[in-house]
Amino acid sequence: MGRKTPFVTASQLEDIASRFPTPFYLYDEKGIRKTAQSVLDAFSWNPGFREYFAVKACPNPAIIQILLDMGFGLDVSSECELIMAERMGVSGERIMFSSNDTPLEEFAHAARLGATVNLDDITHIDSYQEAVGSFPEVMSMRLNPGEFPFANGIFGKPAEAKFGMTMDQMLEATRRLMSLGVKRFGIHALLASNTVTDDYYPTLARTLFAAARRLNDELGAKVAFVNLSGGVGIDYRPEERPNDIFKIAEGVRRAYEEELVPAGMGDVAIFTEMGRFITGPYGALVTRVIHEKHIYHDYLGVDACAADLMRPMLYGAYHHITVMGREDEPCDHTYDVTGALCENSDRLANDRALPECHPGDLLYVHDVGAHGHCMGYNYNGRLRHAELLLEPDGDVRLIRRAETPSDYFATLDVLEGWDVPVEAGASKPKTARP
Ligand SMILES: *Cc1c(COP(=O)(O)O)cnc(C)c1O
């Protein structure tokens, strides 16, 4: 069985934890940069290539800035993500607005920023027209082919998914958009999540290239790009083999040479919208054991909970755990690692083989750099914790402070007596008059 190694040493992490109280998320800038560069190198055969980082995976401006500096664009899907892009000075074709069930105001906002808009449904042509009035030169459309060989647990079969339009609808949508003045088209699909195989992108590419040829051949539409979106996974489990982005990109290149180049479509740009693959392995949730409990199972109670990391509760997702400083001890104990929520499903791990642990031990929860902190919530009055960035020179920078009770109570400022900050340890806030 393989072994997963934290990107910090035990003594480094104890030092960080002496300055920043646990629990916290820690991100590794060096790892993010290295992976981002490998993506650029792997797809350098395609002159128009661009990766649009899926902001929803890790919506922290300090992380996003690293990726913008490397030339990435941003894939956004909501009002707040549009604001994030705008505040970071990103506009025009560096924004891909890939949303679904889209409110009209968000189409209008995306249009104001000059974003490339990816229409999830044929009816969104009318929505866009109502929201914006006219159409830009470039529009993208999201395909749902119904069938696809890579169905998996998180996503399910494309035919069961709410996303995208059918191929017939895409042809009809293209006809309509051409008559409305659109000159160039993009085709997008996200048909699987967290794939750990070299074949997902190449297989998806063949599906989308075939669609691109139909637009080209049947309608004379100019296809400017094919967007392979996200879904490239990471090796959450120690026995898994990490994806090789160079093999994946090579498979896409082969499909491109076979399907597009002979059709005279060798100028189509390849876009991607990876999130998990870029930042997933380079974030850790650092939490301390605060209790141990031995009843019918053995429990380690930690200071983080499902409000910090929902994936195990939501999808039964596996996140590897390293007990810092005990890396070489045998994993001869079986624990459920739980948080403090009044929910039995509040677990970071179930039946996990770990070395013998005690209160005070520092746990490193692996691979939470994407769809981790940002999925957190405030159930049970639990607050979201801080995010820290480990910079390449070894310095650690606070890139999001922990929430305080004031943040939790902030939206009650419409109620009399609750319009003042509330601090931890305070007695009751001024109570409203009866
Ligand atoms: C979530 C999402 C992504 C990123 O997915 P990953 O699994 O993190 O790579 C990309 N594009 C769209 C439209 C998404 O919804």
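Right above here is the structure, for reference.
Residues numbered from 1 in each chain as written. Predicted model: local features only at pLDDT ≥ 70, side-chain atom pairs only at ≥ 80, totals over all residues. Heavy atoms only, no water.

Colleague: Can you explain the overall build of the chain? Please cite residues and give values.
Modeller: What the chain contains, in helices and strands, is 12 helices and 17 strands. Whereas a compact globule of 434 residues would reach a radius of gyration of roughly 22 Å, the chain reaches 24 Å, a difference of no more than 12%. Along the longest, intermediate and shortest principal axes, the C-alpha atoms of the chain span 70 × 60 × 45 Å. Taking the contacts inside the chain whose residues are at least 6 apart along the sequence as the reference set, 69% of them involve residues at least 24 apart. (Helix = DSSP H or I, 4+ residues; strand = E, 2+ residues; numbered from the N terminus. Rg over C-alpha atoms; globule rule 2.2 N^0.38 Å. Contact = heavy atoms within 4.5 Å.)

Colleague: Could you give me a rundown of unusual backbone geometry, with the residues and numbers involved?
Modeller: Of note, the amide linkage connecting T22 to P23 takes the cis form, showing an omega dihedral of -5°. Structurally, the position occupied by P23 is in the loop between helix 1 (10–19) and strand 1 (24–28). Unlike most non-glycine residues, N194 shows phi in positive territory, near 50°. Of the residues examined, N194 reaches a relative accessible area of 19% and is grouped as buried. (Buried < 20%, exposed > 50% of the residue type's maximum accessible area, 1.4 Å probe, protein only.)

Colleague: Tell me what's going on with the sheet that holds strand 2 (residues 50–54), and back it up with residues and numbers.
Modeller: Pairing is parallel in the closed barrel, where eight strands are placed in the order 2-3-4-5-6-7-8-9. Ignoring strand direction, the axes of neighbouring strands in this sheet form an average angle of 25°. (Pairing = 2+ DSSP bridges. Axes fitted to C-alpha atoms, helices over the stretch in contact; angles between N-to-C directions.)

Colleague: So what's going on with the environment of K293? Residues and values would help.
Modeller: Here K293 shows up in strand 10 (residues 283–294). Note: C-alpha distance between K293 and D336 (43 residues apart in sequence) is 9.8 Å.

In short, the description is geometric, and any link to function would need to be established separately.
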